[in-house]
Amino acid sequence: MIGISHYLLVATALFAIGAFGVVAKRNAIAILMSIELMLNAVNINFVAIDRYLAPGGALGQLFAVFVIAVAAAEVSVGLALVISIYRQRRSVNLDDFNLLKW
Amino acid sequence: MTLTLHDATFALLALLTLGAALGVVLARNIVHSAFLLVLTFLGVAGLFLTLDAGFLGLVQVLVYGGAISVLVVFAVMLLMSEQAGQTNPPGASRFTRWAGGVGAVALALALGAAVCTTAWEPGSGPRPEAVAELARLMLGDYVVPFEAAAVLLLLAVVGAIILAKGEDGR
């Protein structure tokens, strides 16, 4: 019988995969993708808790909508930043972005 | 113990989502990562549908499966310069790769243990019509965050245009 803990476990695994991607990848776009995975995991948590623990309202779904809106803003600005720095360095690998190091 | 249709759907969607997510972080080709990311988004949309959140599932398909995926694929196509097989390499140092792997597994174990040991108390009560309830919340109690999100989206679009245009409008 599938309950809330199964959904939360899937979200946990998805979040961990995203966290691994953020730490272990080199490509800036891949890191943005990993952040999207983590945001999706959080959305699963919101909706599962809304469905199982507080079925009287839709507050969890509302917060998931806000998370989706903020994620859309974040990914558009993030990709614009990557495109902008690609012009300077001809690369999307974070290892090459050492302009601020002394 | 019987396997209902809901359980089977959940298991399939969970496998699809997690498998595609693993593919996103493990693929060496960024184009494969981008398309597996779309698959992950659609799997999450399916999970929303199994949670009786039909509206949110459709929003997920539209915003993530449509808009954000296109944006990511567009950026990938624009910025690919090397051999396709080397576009998405793992981190340069062995330390960050292992730190990422061990840290992610530890995070999953800790959060998973917390999920398993918590006694969840299912709520009860009639479920309202989700879309009507969302509309009531968005344009009622939460109208200020709703408007703030609208302004944020506008600012993000303007900022993205300015950033991607370059300083002298090339």
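As a starting point, this report considers the structure included with it. Note that the structure is a prediction, hence the values are computed from the model and not measured.

**A look at helix 5 (residues 130-138) of chain B**
And step 1. Looking at helix 5 of chain B, one finds that the buried residues are Ala130, Glu133, Leu134, Leu137 and Met138 of chain B. Buried positions in helix 5 of chain B, seen along its axis, are confined to an arc of 130° and lie on one side of it.
And step 2. Those residues of helix 5 of chain B that are buried are in contact with helix 3 (59-89) of chain A together with helix 3 (54-79) and helix 6 (143-165) of chain B.

**Overview of unusual backbone geometry**
Most peptide bonds are trans, and most residues other than glycine sit at a negative phi.
Residues and elements named next belong to chain B.
And step 1. Although it is not a glycine, Asp52 adopts a positive phi angle of roughly 60°.
And step 2. Position of Asp52 relative to the elements: it lies in the loop between helix 2 (30-50) and helix 3.
And step 3. According to the relative accessible area criterion, Asp52 is partly exposed, its value standing at 41%.

**Some words on the pattern of salt bridges**
And step 1. Enumeration over the complete set of coordinates arrives at two salt bridges over all chains.
And step 2. The salt bridge partner of Arg51 of chain A is Asp52 of chain B, with a shortest N-O separation of 2.9 Å. With Arg51 of chain A in helix 2 (residues 28-52) and Asp52 of chain B in the loop between helix 2 and helix 3, this pair bridges two chains.
And step 3. With a shortest N-O distance of 3.1 Å, Glu133 of chain B and Arg136 of chain B are connected by a salt bridge. Pair noted here: Glu133 of chain B and Arg136 of chain B are both in helix 5, with a separation of three residues, about one helical turn.
And step 4. Looking at Arg136 of chain B, the relative accessible area reads 47%, which means it is partly exposed.

**A few points about a nonpolar patch on the surface**
Residue and element names in this part refer to chain B.
And step 1. Judged by side-chain polarity, Leu154, Val158 and Ile162 come together as a nonpolar surface patch covering roughly 290 Å² of accessible area.
And step 2. Mapped onto the elements of the fold, Val158 is located in helix 6.
And step 3. On the basis of relative accessible area, Val158 is assigned to the partly exposed category, the value being 42%.

**Here's the deal with the packing of aromatic side chains**
Where two aromatic rings form a pair, the distance of their centres and the angle of their planes describe that pair.
And step 1. Following the criterion strictly, the structure yields five aromatic pairs over all chains and no others.
And step 2. Considering the side-chain rings of Phe41 of chain B and Tyr64 of chain B, the 4.5 Å spacing of their centres and the 45° angle between planes classify their relative orientation as tilted. Of this pair, Phe41 of chain B sits in helix 2 while Tyr64 of chain B sits in helix 3, and the two are 23 residues apart along the sequence.
And step 3. Phe41 of chain B sits in the buried class, given a relative accessible area of 1%.
And step 4. Members of the aromatic cluster, joined through ring pairs, are Tyr7 and Tyr52 of chain A together with Phe10 of chain B.
And step 5. The ring of Tyr52 of chain A has Arg51 of chain A sitting right over it, with the charged end atom 5.0 Å from the ring centre.

**A few points about the nonpolar core**
And step 1. The biggest cluster of nonpolar side chains holds 66 residues, and the ones touching the most others in it are Tyr7, Ile29, Met33 and Leu37 of chain A together with Leu56 and Val72 of chain B.
And step 2. Mapped onto this core, the elements with two or more residues apiece are helix 1 (4-24), helix 2 and helix 3 of chain A together with helix 1 (5-26), helix 2, helix 3, helix 4 (94-117) and helix 5 of chain B.
And step 3. Each of domain 1 (1-81) and domain 2 (130-170) of chain B contributes no fewer than three residues to this core.
And step 4. Those residues in contact with Ile29 of chain A, other than ones at most four positions away along the chain, are Leu79 and Val82 of chain A together with Ile30, Val72, Ala75, Val76 and Leu79 of chain B.

**Things to note about the interface of chain A and chain B**
And step 1. If you look at the interface, chain A gives 68 residues, while chain B gives 82 residues.
And step 2. Summing both partners gives a buried area of about 6,700 Å² for chain A against chain B, and 76% of it is carried by carbon and sulfur.
And step 3. Summed over the shared surface of chain A and chain B, the result is one salt bridge.
And step 4. Summed over the shared surface of chain A and chain B, the result is seven residue pairs in polar contact (both at pLDDT 80 or more).

Quick notes on the rules
- Residues numbered from 1 in each chain as written.
- Chains lettered and ligands numbered in written order.
- Predicted model: local features only at pLDDT ≥ 70, side-chain atom pairs only at ≥ 80, totals over all residues.
- Heavy atoms only, no water.
- Buried < 20%, exposed > 50% of the residue type's maximum accessible area, 1.4 Å probe, protein only.
- Helix = DSSP H or I, 4+ residues; strand = E, 2+ residues; numbered from the N terminus.
- Arc of directions from axis to C-beta.
- Contact = heavy atoms within 4.5 Å.
- Salt bridge = Lys/Arg side-chain N within 4 Å of Asp/Glu carboxyl O.
- Patch = residues over 30% accessible without salt bridge, like charges linked within 9 Å, V, L, I, M, F, W, Y side chains within 5 Å.
- Areas by Shrake-Rupley, 256 points an atom, 1.4 Å probe, with all protein chains shown as cover.
- Phe/Tyr/Trp six-rings, centres within 6.5 Å; stacked < 30°, edge-to-face > 60°.
- Lys NZ or Arg CZ within 6 Å of the ring centre and 35° of its normal.
- Core = buried A, V, L, I, M, F, W, Y, C linked by side-chain atoms within 4.5 Å.
- Domains from an automatic or database assignment.
- Buried area = accessible area lost by both parts, 1.4 Å probe.
- Polar contact = N/O pair within 3.5 Å; in protein donor to acceptor, adjacent residues only side chain to side chain.

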